Every structure is written in structure tokens, then in C-alpha cells.
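Coordinate analysis (summary)
Chain residues, written in single-letter form:
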Amino acid sequence: MATTVLSPISSPAIKAAHAFRDRFGRAAQAVALAPGRVNLIGEHVDYCGGFVLPMAIDRYTAIAVAPSADPTAVRVGSGMAEAVCSFTLSGGRGPIMAAPAWARYVLGVVQLMIEAGEGVTGFDAWIESNVPLGAGLSSSAALEVATATAVDALHGRAREPMQAAALCQRAEHAFAGVPCGIMDQAASASARAGHAVLLDCRSGDTEHVPLDGASAGVLIANTNVKHALSDGAYAKRRADCKRAAEALGVELLRDATPALVEDRRAALDGLAYRRARHVTAEIERTVRAAGHLRRGDWTSFGRCMDNSHASLRDDFEVSCTELDTMVDIAQQIGTTGGVYGSRMTGGGFGGCTVSLVQVEQADAITQQLHQAYESQTGITPDIFLTRPARGAHVLNLK
Ligand code: ADP
Ligand code: MG
């Protein structure tokens, strides 16, 4: 993995290195950084084997690490947690499952390395992050990928980004109990600055599509709501998609098209029909949108985002009043006010919207969104401009 010089913009890295020295009484050897991500388009298609188009955001989780004197001991702390967790490397899964939830993301990655027969020797680690937690910007993937990157750096190992992503995805399944797809970890591990990642969720192939952050900006607006029904709804949507695929005679909805869904409409129940209509249209839209990005056609890309939102709201039914409100405000500002397009992003029922905007208008758009959303919902949102950032990397301090 490439190394770079410590720069002032890497503030979680600086904080992690300082906190490491404070807590452990010696200097860290390296700091690994992994970003959060936002999905530009391609929502609820990953588990159907479709295409998604996420990018890394310029918010990072940093882990400062150094070998410990005891080769069997791991200590890990986070600026967001109270106590430092201590572990023995040969302890197996039991003690990890009993650890605080946040530490399981870290120790789970380490445990899977051990189970794969990769030698891991003792180390101390300190974590700092400016990725918002639980906002759908994948602070969990950032934490896992930063861990894998840090432990690999300590042991002088290199791992292909998609292999790191797969390891971290397995850790999230096994140790956090979240049956996530590969998108979050893939974006955090493999992204390149100034590019979005077109990811084929079936093959795992990636294409880095240029997105010049100087002319088009990506505005993330956190609605600051998270409706409780989201967990059950996720499983229901997956079941709907499976039922639709079976009725259409395909393994995954990736193998169907909007035309096939219309042709076979009689074979589908009403819900399966609408779910399949979203998934097949969204997959086609994502591939088309990547083409618009390659050509720098922001207007057409924005229209794809608008259509994606309508489909998620009406056919897939995973939006909510707050997401619709935020998107409506942005879409009403429109291209004349510098908004090319806007949609909900992530699993839905709360969390964030993502909008493609003219960079020079970003401040004005942020203000309008903030005021209108607050007055319509009574909730204060968090809104920030981001750019397509670099994926996981290591800063060597020695
Ligand atoms: P998201 O991935 O959308 O941010 P998740 O619920 O999947 O939301 O992951 C958030 C959880 O990940 C937190 O509750 C915490 O357990 C863990 N986590 C993420 N970043 C950190 C951090 N810097 N320090 C400690 N725990 C973290
Ligand atoms: Mg997560």
C-alpha cells in the first residue's frame, strides 16, 4: 500500500498519533487511514448482483499503531469510547463477542486474519475519526478497512484492496451481525482521489470513473432521523427481490431487465413487480449514469439521481418524509440554482441525501437546504460538501 507524508488535512491521523503517545507512552509506528463513503447511485441493487457507484468521502477513520512488547497482547482504544480494550491474540472468538460493540469491528478483522493462518503479533492501537457515526456514511467499513490496513502495515504485508474489502465484509457479518454487501468496504479500500467507483456487485470488478470535484461537488445532507422500522424492512425487501427473481426465472434480478419485468408482469404479485421494476431500472440507470460521469455531463447524471429517488420512494418504498423533504427542496432549487440532481442515499428510512451541485453555489445551496428543511420538519440537519477522496492508505511515521 502506498505511503504519503503527514499533512495538516489528515487531522484524524494527527489526533490518533497524539492520543497514541498520551495513552501508550511511546510513539506510534504508523497511522492507517480509511474513508467513509457515499453512494452516488445504484441503491438496493447490491444484493441483487447489480452495479453501484459509490465514492470515498474526505472524512477518515485513522488508526495509529505500534508493536507491543508482549507478542500475544492487543490493546485498542478510540476517542469515541471510554475504556481501552485488552485482548489475547490466541483467545478465539468468545472474548471478542463479549467486547463492546465498537471493539468487535477491530478485533473481528484481526481474528479473521488469525483464522486464515496469517500470523499476527501483539500491538497497541488508537482510533480517531471524523466520519459521522451511524449516518449511513459507513463509519463501520472505515473502521474495519483502517484496521486491516494498519495491521497489514505493522506486519509488512500488502493486500489487494478488494481482498481487504472481502475480509472486512466477512468481519462485519460475523462480528457485528450485519449482512452487508461488498460496496462499503470496496469503496473505502479501493477508491482513488477524483474518482467514483463503478462496482459490479456480482463479479467484484471495479472501474474508477473520473469525477472532477473542482467543477461538480457532492453535497451530503444528514436528515438526522433514523426510523426504527429499517431493520425488518431490509429483510423484507431482500425477500421481495428473491421472490421476484424466482417468478422471472432468473437467479438474481441482475439477470432481468425492465422489459422482461413488463413482459412477465402477470407472473408477479404486485409488490414483487414494483420491487423488480425498481431494481432492474436502477441497475440500467447506474450504468448509464457512469457514462454521463465519464463525459462530465452533470445535467444528465443529476436527472438519473432524481429518477433514482422517485423509484426508491414509489416502487421500492424505502424513503421517508424527511428524506423526501430534503430531496424536494434540493430539486426545487434545480439546475438554475446549481443543483443537478438529488436523491436519498443508503438503506433509507432516514440517514442522508446526496446531491450533485455546482461547487460555486454550494454555500448558498447549503444555506437554503438547512433553512427550508429545518422550518418544514423542525429538525436541524447536518450538511457538508465533499469530494471524491482517496481510499485506504498508510502514513509511516518513522
Ligand atoms: P455507519 O456504518 O452507517 O456509520 P454502523 O451502525 O454500521 O453505522 O456503524 C457505526 C458503529 O461503528 C458505531 O456505533 C461504533 O460501534 C463503530 N464505530 C465506527 N467508527 C468508530 C470509531 N471511530 N470509534 C469507535 N467505534 C466506531
Ligand atoms: Mg455501517
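Here, the structure is the one placed above.
Reference entry: report on the structure contained in this document. (Residues numbered from 1 in each chain as written. Chains lettered and ligands numbered in written order. Predicted model: local features only at pLDDT ≥ 70, side-chain atom pairs only at ≥ 80, totals over all residues. Heavy atoms only, no water.)

A few words now on the environment of Gly-346. Along the chain, Gly-346 falls in the loop between strand 9 (339-344) and strand 10 (350-358). Exposure remark for Gly-346: the relative accessible area of 10% places this residue in the buried category. Apart from the residues lying within four places of it in its own chain, the contact partners of Gly-346 are Glu-43 and His-44. (Helix = DSSP H or I, 4+ residues; strand = E, 2+ residues; numbered from the N terminus. Buried < 20%, exposed > 50% of the residue type's maximum accessible area, 1.4 Å probe, protein only. Contact = heavy atoms within 4.5 Å.)

So, on to the site of ligand 1. Near ligand 1 you find 16 residues, and of these Ser-78, Gly-134, Gly-136, Ser-139 and Ser-140 are the closest. Between ligand 1 and the protein, one listed contact pairs an oxygen atom with a backbone N or O atom of Gly-134 at 2.8 Å. Ser-140 is positioned such that a nitrogen or oxygen atom in its side chain is 3.0 Å from an oxygen atom of ligand 1. Computed on the free molecule, ligand 1 has an accessible area of 570 Å², of which 78% lies beneath the protein chains in the complex. When contributions to the shell around ligand 1 are tallied by element, the ones reaching two or more residues are helix 3 (101-115), strand 5 (123-129) and helix 4 (139-154). For the shell around ligand 1, the element with the highest residue contribution is helix 4, accounting for 3 residues. (Near = heavy atom within 4 Å. Polar contact = N/O pair within 3.5 Å; in protein donor to acceptor, adjacent residues only side chain to side chain. Areas by Shrake-Rupley, 256 points an atom, 1.4 Å probe, with all protein chains shown as cover.)

This part takes up the packing of helix 4 against helix 5 (residues 161-176). Where helix 4 contacts helix 5, the two axes come as close as 9 Å, and the packing angle between them is 125 degrees. The orientation of helix 4 with respect to helix 5, classified from their angle, is oblique. As for the relative orientation of helix 4 and helix 5, their crossing is right-handed in sense. Mapping the contact onto sequence places Ser-140, Ala-141, Glu-144, Val-145 and Ala-148 in helix 4 and Leu-167, Cys-168 and Glu-172 in helix 5. In terms of residue class, the contact of helix 4 with helix 5 is made up of 5 nonpolar, 1 polar and 2 charged. (Axes fitted to C-alpha atoms, helices over the stretch in contact; angles between N-to-C directions. Parallel < 35°, antiparallel > 145°, perpendicular 65-115°, else oblique. Left-handed = near helix turned anticlockwise from the far one by under 90°. Nonpolar A, V, L, I, M, F, W, Y, C, P; charged D, E, K, R; others polar.)

We now examine helix 1 (residues 11-24). Counted at 1.5 Å a residue, the expected span for helix 1 with its 14 residues is 20 Å, and the 20 Å between its end C-alpha atoms agrees. All of the buried residues along helix 1 are Pro-12, Ala-13, Ala-16, Ala-17, Ala-19, Phe-20 and Phe-24. The secondary structure elements touched by the buried residues of helix 1 are strand 1 (30-41), strand 2 (51-67), strand 3 (73-78), strand 5 and strand 12 (393-396). Once helix 1 finishes, Gly-25 follows within two positions and takes phi at roughly 70 degrees, a positive value. (Expected span 1.5 Å × (residues − 1).)

Overall, antiparallel pairing links the 4 strands, which are arranged 9-10-8-11 in an open sheet. Each edge of the sheet is formed by a strand with only one pairing partner; in this case those strands are strand 9 and strand 11 (382-386). Adjacent strand axes in the sheet meet at a mean angle of 20 degrees when their direction is disregarded. (Pairing = 2+ DSSP bridges.)

Bringing the nonpolar core into the picture now. In a soluble, globular protein the nonpolar side chains are often hidden away together inside. Counting 101 residues, the largest nonpolar core has Phe-123, Leu-137, Leu-253 and Phe-301 as its most contacted members. Dropping the residues within four chain positions of it, Phe-123 is found in contact with Val-65, Ala-66, Pro-67, Ser-68, Ala-73, Val-74, Arg-75, Val-110, Val-151 and Leu-154. In this structure, Ala-13, Ala-19, Leu-33 and Ala-64 belong to the second largest nonpolar core, which totals 19 residues. (Core = buried A, V, L, I, M, F, W, Y, C linked by side-chain atoms within 4.5 Å.)

This part takes up unusual backbone geometry. Note on backbone geometry: most residues besides glycine have negative phi, and most peptide bonds are trans. The phi torsion at His-44 lies on the positive side, around 60 degrees, for a residue other than glycine. Along the chain, His-44 falls in the loop between strand 1 and strand 2. For His-44, a relative accessible area of 6% gives the class buried. The phi torsion at Glu-317 lies on the positive side, around 55 degrees, for a residue other than glycine. Assignment of secondary structure puts Glu-317 in the loop between helix 10 (298-314) and helix 11 (321-333). Glu-317 sits in the partly exposed class, given a relative accessible area of 33%.

Turning our attention to the pattern of salt bridges. Scanning the model with the defined rule gives 22 salt bridges in all. Taking the shortest distance from any N to any O, the salt bridge between Asp-184 and Arg-37 comes out at 2.8 Å. Of this pair, Asp-184 sits in helix 6 (residues 183-190) while Arg-37 sits in strand 1; the two residues are 147 residues apart in sequence, bridging distant segments of the chain. Here Asp-184 matches Arg-37 in class, with each residue buried. The residue Arg-343 makes a salt bridge to Glu-43 at a minimum N-O spacing of 2.8 Å. Pair noted here: Arg-343 is in strand 9 and Glu-43 is in the loop between strand 1 and strand 2, with a separation of 300 residues, a long-range link. One exposure class covers both Arg-343 and Glu-43, and it is buried. Overlapping salt bridges bring together Asp-240, Arg-243, Asp-269, Arg-274, Arg-275 and Glu-317 as one network. (Salt bridge = Lys/Arg side-chain N within 4 Å of Asp/Glu carboxyl O.)

Treat this as a map of the structure, not an account of what it does.
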